[in-house]
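Now for the letters of each chain:
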Amino acid sequence: MKEDPRLIFKKANFSFATLPGMFQSQMIADLEKKSNLIFHPRDGRPMMVFLDDMSMPEVNVWGDQPTLEIVRQALEQGGFYFLDKDLRGKMMEIINVRYISSMTHPGGGRNDIPSRCKRHLYCFNVTPPEQSTVNTIYGTMMR
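Rules behind the numbers
- Residues numbered from 1 in each chain as written.
- Predicted model: local features only at pLDDT ≥ 70, side-chain atom pairs only at ≥ 80, totals over all residues.
- Heavy atoms only, no water.
- 1 Å grid on protein atoms, 1.4 Å probe; cavity = no way out; pocket = protein on both sides within 12 Å on 5 of 7 lines; lining within 4 Å.
- Points joined across faces, edges and corners; volume = space filled by probe spheres on them.
- Helix = DSSP H or I, 4+ residues; strand = E, 2+ residues; numbered from the N terminus.
- Nonpolar A, V, L, I, M, F, W, Y, C, P; charged D, E, K, R; others polar.
- Pairing = 2+ DSSP bridges.
- Axes fitted to C-alpha atoms, helices over the stretch in contact; angles between N-to-C directions.
- Contact = heavy atoms within 4.5 Å.
- Salt bridge = Lys/Arg side-chain N within 4 Å of Asp/Glu carboxyl O.
- Buried < 20%, exposed > 50% of the residue type's maximum accessible area, 1.4 Å probe, protein only.

**A word on the layout of surface pockets**
1) Next: Reported here for the largest pocket is a volume of approximately 620 Å³.
2) Next: What lines the largest pocket is a set of 20 residues, among which Ser101, Met103, Tyr122, Cys123 and Phe124 lie closest to the centre.
3) Next: Looking at the lining of the largest pocket element by element, the count peaks at three residues for strand 7 (residues 97–101).
4) Next: Partitioned by chemical class, the residues of the lining of the largest pocket number 12 nonpolar, six polar and two charged.

Next up, the structure:
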C-alpha cells in the first residue's frame, strides 16, 4: 500500500503494561509546538493515529483503565495536561489529529473499554467467518 504524502500515519500499540504516561509521551513525540499551548503534527500535515488493541490495558483495583482514560481525554478535550513541573495543570491542545482504533471481544485477558471512552468512537462488529467459508475463499485462490 502506498503511503499518502499528505497524511502522517502513527500507530500506538496497547498492551497490559501500557501506562498513561507512555501513551502521552508517544503522542507528543510526533508533534510540534505551534504556539504556547497548541501543538500540531510535523510539517502542518494532518495525522491519523491508529490505536491498536484498546482492550489490552490493565484494569486497576477500582475497575478503571487509566491508560484508556488518557485516550478519552485526548478524544474528548482535544489534548493532554502538561507533565512538566513548571506547566503542570495547563492543557496542551492538540490540533489536526484524528484517531481510529481496534480491539477484539472482551475475555481471555482482554477487557471491555469504558463507556466514557467508547462513546467517542463509532463501534461495529466484524464476526470471523465460518471455517467452510475460509476454505472456499482460500481454496479457490490456491487452485
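So, next bit.
**Details of the sheet that holds strand 6 (residues 91–94)**
1) Next: The strand order 2-3-6-5 describes an open sheet built from four strands, whose pairing is mixed. Every other strand in the sheet has two partners, leaving strand 2 (31–33) and strand 5 (79–81) as the edge strands with one partner each. Recorded for the sheet is a direction-independent mean angle of 30° between the axes of neighbouring strands.
2) Next: Here three bridges tie strand 5 to strand 6, and the two strands are oriented antiparallel to one another. Considered in strand 6, the bridge of glycine 79 is made with glutamate 93.
3) Next: Helix 1 (residues 20–28) contacts strand 2, strand 5 and strand 6 of the sheet and is inclined by roughly 125° relative to strand 5.

**Here we look at the pattern of salt bridges**
1) Next: The tally for this structure, following the rule as stated, stands at 10 salt bridges.
2) Next: Between arginine 72 and glutamate 69 there is a salt bridge, with the nearest N and O atoms lying 2.8 Å from each other. Of this pair, arginine 72 and glutamate 69 both sit in helix 2 (residues 66–77), three residues apart, which is roughly one turn of the helix.
3) Next: On the basis of relative accessibility, which here comes to 18%, the residue glutamate 69 falls in the buried class.
4) Next: Notably, a salt bridge pairs arginine 72 with glutamate 76, separated by 3.0 Å at the nearest N-O pair. Taken together, the residues span about one helical turn, with arginine 72 and glutamate 76 both in helix 2 at a distance of four residues.

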